[in-house]
Amino acid sequence: MQTQKPQGYRLAELPAEPVAEPGCASCLSLAVARRNARSLGDLSAVSDRNVELRAHRAEAH
Ligand SMILES: [Zn+2]
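Anyway, here's the lowdown on the structure attached to this text.

Rules used throughout
- The numbering scheme is per chain: residues are counted from 1 as the chain's sequence reads.
- Confidence filtering applies because this is a predicted model: local features only for residues at pLDDT of at least 70, side-chain atom pairs given and counted only at 80 or more, and all residues used for totals across whole chains, interfaces and linings.
- Helix numbers and strand numbers start at the N terminus; a helix is a DSSP run of H or I with at least 4 residues, a strand a run of E with at least 2.
- Buried, partly exposed and exposed are defined by the number of other C-beta atoms within 10 Å of a residue's own C-beta, namely 20 or more, between the two limits, and 12 or fewer respectively, with C-beta atoms placed from the backbone.
- Every angle, taken between N-to-C directions, lies between 0 and 180 degrees, and every axis is a line fitted to C-alpha atoms, over only the stretch in contact when it is a helix.
- Note that the term roughly parallel is reserved for angles under 35 degrees, roughly antiparallel for angles over 145, roughly perpendicular for angles of 65 to 115, and oblique for everything else.
- By convention, the crossing between two helices is left-handed when the near helix turns anticlockwise from the far helix through less than a right angle, and right-handed when the turn is clockwise.
- The contact criterion used is a C-beta to C-beta distance within 7 Å, with each C-beta placed from the backbone.
- Gly is placed with the polar residues, together with every amino acid not listed as nonpolar (Ala, Val, Leu, Ile, Met, Phe, Trp, Tyr, Cys and Pro) or charged (Asp, Glu, Lys and Arg).

1. Some details on the overall build of the chain
Then, number 1: For the chain, the helix and strand inventory stands at two helices and zero strands.
Then, number 2: Within the span of the chain, comprising 61 residues, buried residues form 8% of the whole.

2. Some remarks on the environment of alanine 55
Then, number 1: Position of alanine 55 among the secondary structure elements: in helix α2 (residues 43-60).
Then, number 2: In this structure alanine 55 comes out as exposed when scored by C-beta crowding, with 12 C-beta atoms within 10 Å.
Then, number 3: Sequence separation between alanine 55 and proline 18 is 37 residues, and the spatial gap between their C-alpha atoms is 9.6 Å.

3. Here's the deal with the packing of helix α1 (residues 25-39) against α2
Then, number 1: Relative to each other, α1 and α2 sit at 165 degrees, their axes nearing to 8 Å. Taken together, the axes of α1 and α2 lie roughly antiparallel to each other. Note on packing geometry: the crossing formed by α1 with α2 is left-handed. Mapping the contact onto sequence places Ser26, Cys27, Leu30, Ala31, Ala33, Arg34, Ala37 and Arg38 in α1 and Ala45, Val46, Arg49, Asn50, Glu52, Leu53, His56 and Ala60 in α2.
Then, number 2: Its residues assigned to classes, the contact of α1 with α2 comprises nine nonpolar, three polar and four charged.

Structure (structure tokens):
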């Protein structure tokens, strides 16, 4: 046998989502918008909110 598949290989490993900083209104509004988008099944909006939240956290916290 020449080829061997690695055991326990995970295809879908999701990156951790950014979390809202407690007490920060900007974080909270992005987190709420993300939750709303997910409840609507709008995954591209969820991903947009994650990008925004990550960028906000990088500059504000
Ligand atoms: Zn914040």
